[in-house]
Amino acid sequence: MSEAADRFAQVNGVRLCYRMDGPADAPAIFLVTGLGMQLTEWPETLVAGLARNFRVIRPDNRDMGLSQRMGQPFAQVPEGFRWISRHAIAAPYHLSDMADDVLALADHLGIERFACAGFSMGGMIAQHVAMQAPGRVTALVSLSSADGEPVAEGTPENTVMIERFFLLPADREGQMQTYCESAEYYSGGTMLADDPRTRAGAKALLDRSDLGGGNGGGYLRQAMAITDSPDWVSGLGRLDLPALVVHGTTDPCLPLQLGQQAAARIPNAGLRIYKGLGHWISEEVVGDLCDWFEDTLCTTSAQAQDQC
């Protein structure tokens, strides 16, 4: 398990929580979480594997984990909001603002150049980081994410699962059940809802979220940031950096087609498709990511070669 402590920084008008692992003088990699996720949800094996050669920074996105809540809880889903639609309702912030948070945190830490990897919504944010600061991002990895048009209809069950998080049950057992069933669904059964380890993980996430202010409407505001953000297809075509797109064949949330399109839109991007993988990061993906970052970052600069 990572021994990194929660740290805090006031950047871009937001109080962000983050953790750092690995040597302070090593090439940096930012890991950006997805919709409703906390920094503790990155696989520990991935963090530990990357931290052997890299400085790994994991922020909680605004509105989640221990980072600042950007508004008040919702009593009901805002009228006019639809998950599977574009610009259904004006959002208080966009994906580009969340990318600015990452860049501001890098500034705060004195990191000029860094790699960026993101999962799901985090992949969308990572793409924006690369577009907004092309001279600073050394490599980009987009995991189980989109291609510049973020709203795509997954399975009907996925829509139900996502919308269960919009207004969580008031009781802790109902919240636990929602988290556990979500883990089983998106992992494709790798994590069973009634497994004690799944329940322990759900409890840890809920307890940590409570310390940060609870859901507090953050899940819905992040969802609005996705649906209300202008598409960024043209920006992907201007990227000039090492890039990798990772996607599973059975992703119920963001269909494989989106990953394929993202790889086609980003010049010279690699594409790795994992048979039977859902909306999840498997141990096979972890190993491949560690290898890819070592192969990519440890050969792209003299400084990195000295440190890797």
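Calculation notes
- Residues numbered from 1 in each chain as written.
- Predicted model: local features only at pLDDT ≥ 70, side-chain atom pairs only at ≥ 80, totals over all residues.
- Heavy atoms only, no water.
- Helix = DSSP H or I, 4+ residues; strand = E, 2+ residues; numbered from the N terminus.
- Rg over C-alpha atoms; globule rule 2.2 N^0.38 Å.
- Buried < 20%, exposed > 50% of the residue type's maximum accessible area, 1.4 Å probe, protein only.
- Contact = heavy atoms within 4.5 Å.
- Areas by Shrake-Rupley, 256 points an atom, 1.4 Å probe, with all protein chains shown as cover.
- Lys, Arg positive; Asp, Glu negative; His and termini not counted.
- Charge placed at Lys NZ, Arg CZ, Asp CG, Glu CD.
- Pairing = 2+ DSSP bridges.
- Axes fitted to C-alpha atoms, helices over the stretch in contact; angles between N-to-C directions.
- Polar contact = N/O pair within 3.5 Å; in protein donor to acceptor, adjacent residues only side chain to side chain.
- Expected span 1.5 Å × (residues − 1).
- Arc of directions from axis to C-beta.
- Core = buried A, V, L, I, M, F, W, Y, C linked by side-chain atoms within 4.5 Å.
- Phe/Tyr/Trp six-rings, centres within 6.5 Å; stacked < 30°, edge-to-face > 60°.
- Lys NZ or Arg CZ within 6 Å of the ring centre and 35° of its normal.

Asks: Which residues make up the overall build of the protein, and what values do they have?
Replies: Counting its secondary structure elements, the protein contains 11 helices and eight strands. At 18 Å, the protein has a C-alpha radius of gyration in line with the 19 Å of a compact globule built from 308 residues. Projected onto its principal axes, the C-alpha positions of the protein cover 55 × 40 × 40 Å. Taking all 308 residues of the protein together, 58% fall into the buried category. Across the protein, the fraction of contacts at a sequence separation of at least 24, relative to all contacts at a separation of at least 6, is 77%. With an accessible surface of roughly 12,600 Å², the protein has 50% of that area assigned to carbon and sulfur atoms. Once the 23 positive and 38 negative side-chain charges of the protein are each reduced to a mean point, those two points are 3 Å apart.

Asks: Pulling in residues and values, what's your account of the sheet that holds strand β1 (residues 7-11)?
Replies: Strand order in the open sheet made by the eight strands is β1-β2-β4-β3-β5-β6-β7-β8, with mixed pairing throughout. Strands with a single pairing partner mark the edges of an open sheet, and in this sheet they are β1 and β8 (270-274). On average, each strand axis in the sheet is inclined to that of its neighbour by 20°, with strand direction left out of account. Strand contacts of helix α1 (residues 44-51): β2 (14-21), β3 (28-32) and β4 (55-59), with the helix running at about 145° to β4, the strand carrying the most contacts. Where helix α3 (residues 121-132) meets the sheet, its contacts fall on β3, β5 (114-119) and β6 (137-143), and the angle it forms with β5 comes to roughly 150°.

Asks: So what's going on with unusual backbone geometry? Residues and values would help.
Replies: Not every positive phi belongs to a glycine, and Asp 63 is a case in point at roughly 80°. Within the secondary structure, Asp 63 sits in the loop between β4 and α2 (95-108). Positive phi, close to 60°, is recorded for Ser 120, a residue that is not glycine. Position of Ser 120 among the secondary structure elements: in the loop between β5 and α3.

Asks: Help me get a handle on the environment of Tyr 93, residues and values and all.
Replies: Turning to its location among the elements, Tyr 93 is positioned in the loop between β4 and α2. Through-space distance from the C-alpha of Tyr 93 to that of Ser 234 is 21 Å; in sequence the pair is 141 residues apart. Apart from the residues lying within four places of it in its own chain, the contact partners of Tyr 93 are Arg 62, Asp 63, Met 70, Met 98, Gly 218, Arg 221, Gln 222 and Ala 225. Side-chain polar atoms of Tyr 93 contact the side chain of Asp 63, separated by 2.7 Å.

Asks: Residue-level account of helix α10 (residues 283-297), with values.
Replies: Given 3.6 residues to a turn, an α-helix orients residues that are three or four positions apart in the same direction. For α10, spanning 15 residues, the distance from its first C-alpha to its last is 21 Å, which sits close to the expected 21 Å at 1.5 Å a residue. Of the positions making up α10, those classed as buried are Val 285, Val 286, Leu 289, Cys 290, Trp 292, Phe 293, Thr 296 and Leu 297. Viewed end-on, α10 has its buried residues packed into an arc of 165°, placing them on one side of the element. The exposed residues of α10 that point more than 90 degrees off its buried face are Glu 284 and Asp 295.

Asks: Provide a residue-level description of the nonpolar core, including the pertinent values.
Replies: The nonpolar side chains of a soluble globular protein tend to be buried, and buried together. The biggest cluster of nonpolar side chains holds 68 residues, and the ones touching the most others in it are Phe 30, Ile 57, Phe 114, Ile 125 and Val 129. The element contributing the most residues to this core is α2, with eight residues. Excluding anything up to four places from it in sequence, Phe 30 contacts Ile 57, Val 102, Leu 105, Ala 106, Leu 109, Ile 111, Phe 114, Ala 115, Cys 116 and Ala 117. Formed by 29 residues, the second largest nonpolar core is a distinct cluster that contains Leu 277, Leu 289, Cys 290 and Leu 297.

Asks: Can you explain the packing of aromatic side chains? Please cite residues and give values.
Replies: Overall, the coordinates contain eight aromatic pairs when judged by the stated rule. Aromatic rings pair up to connect Phe 81, Trp 83, Phe 165, Phe 166, Tyr 179 and Tyr 219 into one cluster. We note Arg 15 situated over the ring of Phe 8; from NZ or CZ to the ring centre the distance is 4.1 Å. The cationic tip of Arg 62 hangs over the ring face of Tyr 93; the distance from NZ or CZ to the ring centre is 4.8 Å.

Asks: An account of the side chain of Gln 127 is needed here, citing residue identities and associated values.
Replies: With respect to the secondary-structure elements, Gln 127 resides in helix α3. Of the polar contacts made by the side chain of Gln 127, one reaches the side chain of Trp 232; its length is 2.7 Å. Among residues more than four places away in sequence, those in contact with Gln 127 are Leu 140, Ser 142, Ser 145, Ala 146, Gly 148, Trp 232 and Leu 236.

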